[in-house]
Amino acid sequence: MVIKKDSPRVEKLKKTARYQSIKEGIFCSARNSFGEFYVSPFAIAINASNSVVALLTSVMGLLGPLSMTFSSRLIERFSRKKIIRKAVFFEALMWIPMIAIAIMYYTGIIVNALPLLILLTFAMYTILSNVTHPAWFSWMGDIVKEKNRGMWFSKRNLIMGFISIILAITASFFLDFLKKNNLTMLGFAILFLLALTARLISWHIFKKQYEPKIKLKKGYYFSFWDFIIKAPKTNFGRFTIFRAMLGFSAAICSPLIAVYLLRNLGLSYTNYMIIILGGTFASLFVMELWGRFADEYGKYRTIIFASMFIPIEAILWVLHPNIFYILLVPSIISATAWAGINLAAGNFIYDNVSQEKRGLAVSYFNMVWGIGVFLGAGLGAILIKFLNVNFIAPITVIFFISAIARAITVIWWLPKIKEIKKIGKFSSKKAFKNLLFKEAKPIISHEIHEIISIKKYF
């Protein structure tokens with residue numbers, strides 16, 4: 001029987017798929033909390049150099065989007081569900097080599113080669129984890145209604161963020177406990193095993209999720225080179241360049257935050273993770289505000305307001321070493337600002353790109369962004385290795401360089417972008433009054449309710 005696109009049955013299937021996507025996101029968060037969040041601390045623990053730690057981000061920035069570019073055309077030959085399930089399965093298995101590296105370091109096997117093995121393993125993991133994104137992005141665009149995408153993604157991000165915080169901080173206590181007993185490598189091995197398990201559960205959930213059929217019109221394809229040539233002439237292209245330049249500017253110092261906190265300040269894993277995720281916790285309670293603001297006043301305005309804080313955020317990290325200052329100022333400002341930009345960026349793509357071109361567009365968007373991150377993190381790795389300054393710590397200079405680059409990017413590129421959807425007339429006084437005073441209380445109440453009722457997704 002052929003199911004009509006707008007039939008009640010299809011709407012029910014889409015609603016169930018959205019529910020399952022949130023459930024899958026919970027286990028994806030667990031993968032991040034036990035795995036990805038601890039890759040840089042793991043590299044530092046096995047005595048990898050500061051440059052190698054920076055290169056982890058550089059590798060992720062280039063290879064991830066590159067894999068998206070190649071995988072975007074897989075949608076032509078295979079269902080999006082099939083692409084995602086195969087990639088997620090093999091991605092989960094990449095935590096096995098990480099476990100092996102922890103064991104080898106503990107037993108003293110080829111210790112000097114282990115930082116390189118981490119780079120190679122993480123590179124393969126990055127490729128596999130990003131292969132899924134064009135198919136997933138296209139899939140989500142078909143099951144989430146256009147009028148409330150901002151709200152739905154903010155809700156999903158809220159739940160995922162809360163889970164990430166609880167699990168990652170719990171993991172940090174566990175890791176510090178084992179560190180005191182000289183069993184740090186055992187702790188990392190157990191965390192990576194949990195990351196493997198969580199991702200396999202995600203793989204299983206994808207099997208049950210409904211996938212609408214996608215029709216690719218003839219001539220929908222355009223090459224990456226065509227995209228680059230036309231980028232300065234189109235609204236979406238200019239936005240892509242802006243995001244790439246922002247990625248470049250931020251990546252100059254962002255991979256070195258772990259180095260600064262763990263090596264320069266000598267923080268414990270628990271304090272490190274509290275700082276990294278403390279801001280995320282605060283941003284959860286403004287996530288829906290960002291979503292409502294984006295739906296009401298446009299993604300472009302959301303990006304403008306969020307971008308105002310991005311340049312100063314880099315400097316704030318190194319102004320004072322006090323842990324409470326770092327937790328309450330740069331951590332919160334950073335997480336809140338980037339949450340607004342990332343939420344608006346995803347929805348900006350949906351607004352500017354047709355359905356059949358979304359997979360290609362998001363892969364090219366991330367490819368250009370990835371090149372920016374690769375070059376920025378590479379520059380940061382070179383600077384931390386060769387920069388020699390007597391009157392101030394070299395890592396502090398790098399954070400200031402990043403701040404200047406971010407400010408130039410925001411000032412130069414933001415005026416070249418525009419909103420294409422019809423949006424509400426903006427009044428700053430009215431907008432902030434409505435969002436922060438009239439709606440803040442029910443939003444926070446709603447978010448607390450969502451967090452408390454997480455069990456309904458199981």
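Residues numbered from 1 in each chain as written. Predicted model: local features only at pLDDT ≥ 70, side-chain atom pairs only at ≥ 80, totals over all residues. Heavy atoms only, no water.

## Some words on unusual backbone geometry
Which entries qualify depends on this criterion: Counting from the N terminus, the helices are DSSP H or I runs at least four residues long and the strands are E runs at least two residues long.
With a phi angle near 70°, Asn 47 is a residue other than glycine that sits in the positive phi range. Even without being glycine, Ile 110 reaches a positive phi, approximately 35°. Assignment of secondary structure puts Ile 110 in the loop between helix 5 (95-107) and helix 6 (114-131).

## Quick word on the environment of Arg 31
Put simply, the rule reads: Classification of residues uses two cut-offs on accessible area relative to the type maximum, computed with a 1.4 Å probe and protein chains only: under 20% is buried, over 50% is exposed, and between them is partly exposed. Contacts between residues were defined by any pair of non-hydrogen atoms, one from each residue, lying within 4.5 Å. Think of a polar contact as two N or O atoms within 3.5 Å of one another; within protein, one of them needs to be a possible hydrogen donor and the other a possible acceptor, and neighboring residues in sequence only count if both atoms come from side chains.
Structurally, the position occupied by Arg 31 is in helix 1 (residues 8-34). Residue class for Arg 31 comes out buried when judged on its relative accessible area of 5%. On a C-alpha basis, the gap between Arg 31 and Ser 202 in space is 9.2 Å, while along the polypeptide they are 171 residues apart. Apart from residues lying up to four places away in sequence, Arg 31 is in contact with Glu 36, Glu 91, Trp 95, Tyr 125, Ala 195, Ala 198 and Arg 199. Polar side-chain contacts of Arg 31 include one of 2.7 Å to the side chain of Asn 32.

## Examining the packing of helix 3 (residues 50-71) against helix 6
Applied cut-off: Geometry is summarised by axes, namely lines fitted to C-alpha atoms with helices restricted to the contacting stretch, and by angles between N-to-C directions that run from 0 to 180 degrees. By definition in this entry, angles of less than 35 degrees are roughly parallel, angles greater than 145 are roughly antiparallel, angles of 65 to 115 are roughly perpendicular, and the rest are oblique. If you view the pair so one helix is near and one far, a crossing is left-handed when the near helix is turned anticlockwise from the far one by less than a right angle, and right-handed when it is turned clockwise. Three residue categories are used. Nonpolar comprises Ala, Val, Leu, Ile, Met, Phe, Trp, Tyr, Cys and Pro, charged comprises Asp, Glu, Lys and Arg, and polar comprises the others, including Gly.
Where helix 3 meets helix 6, the axes come as close as 8 Å, and the angle between the chain directions of the two elements is 30°. With respect to helix 6, the axis of helix 3 lies roughly parallel. Of the two elements, helix 3 crosses helix 6, and the hand of that crossing is right-handed. Of helix 6, the residues touching helix 3 (which contributes Val 52, Leu 55, Leu 56, Val 59, Met 60, Leu 63, Gly 64, Ser 67, Met 68 and Ser 71) are Pro 115, Ile 118, Leu 119, Phe 122, Ala 123, Thr 126, Ile 127, Asn 130 and Val 131. Of the residues belonging to the contact of helix 3 with helix 6, the class tally is 14 nonpolar, 5 polar and no charged.

## Regarding the nonpolar core
Let me state the cut-off plainly: Throughout this description, the term nonpolar core refers to a set of buried Ala, Val, Leu, Ile, Met, Phe, Trp, Tyr and Cys residues connected via side-chain atoms within 4.5 Å.
Ranked by internal contacts, the top residues of the largest apolar core, which has 75 residues, are Phe 42, Met 98, Phe 188 and Leu 261. If one sorts the elements of this core by residue count, helix 9 (residues 184-208) sits on top with 8 residues. Setting aside chain neighbours within four positions, we find Leu 261 in contact with Gly 266, Leu 267, Tyr 272, Ile 275, Ile 276, Trp 317 and Ile 326. Judged by nonpolar contacts, the second largest core, of 58 residues, contains Val 131, Ala 135, Ile 303 and Tyr 350.

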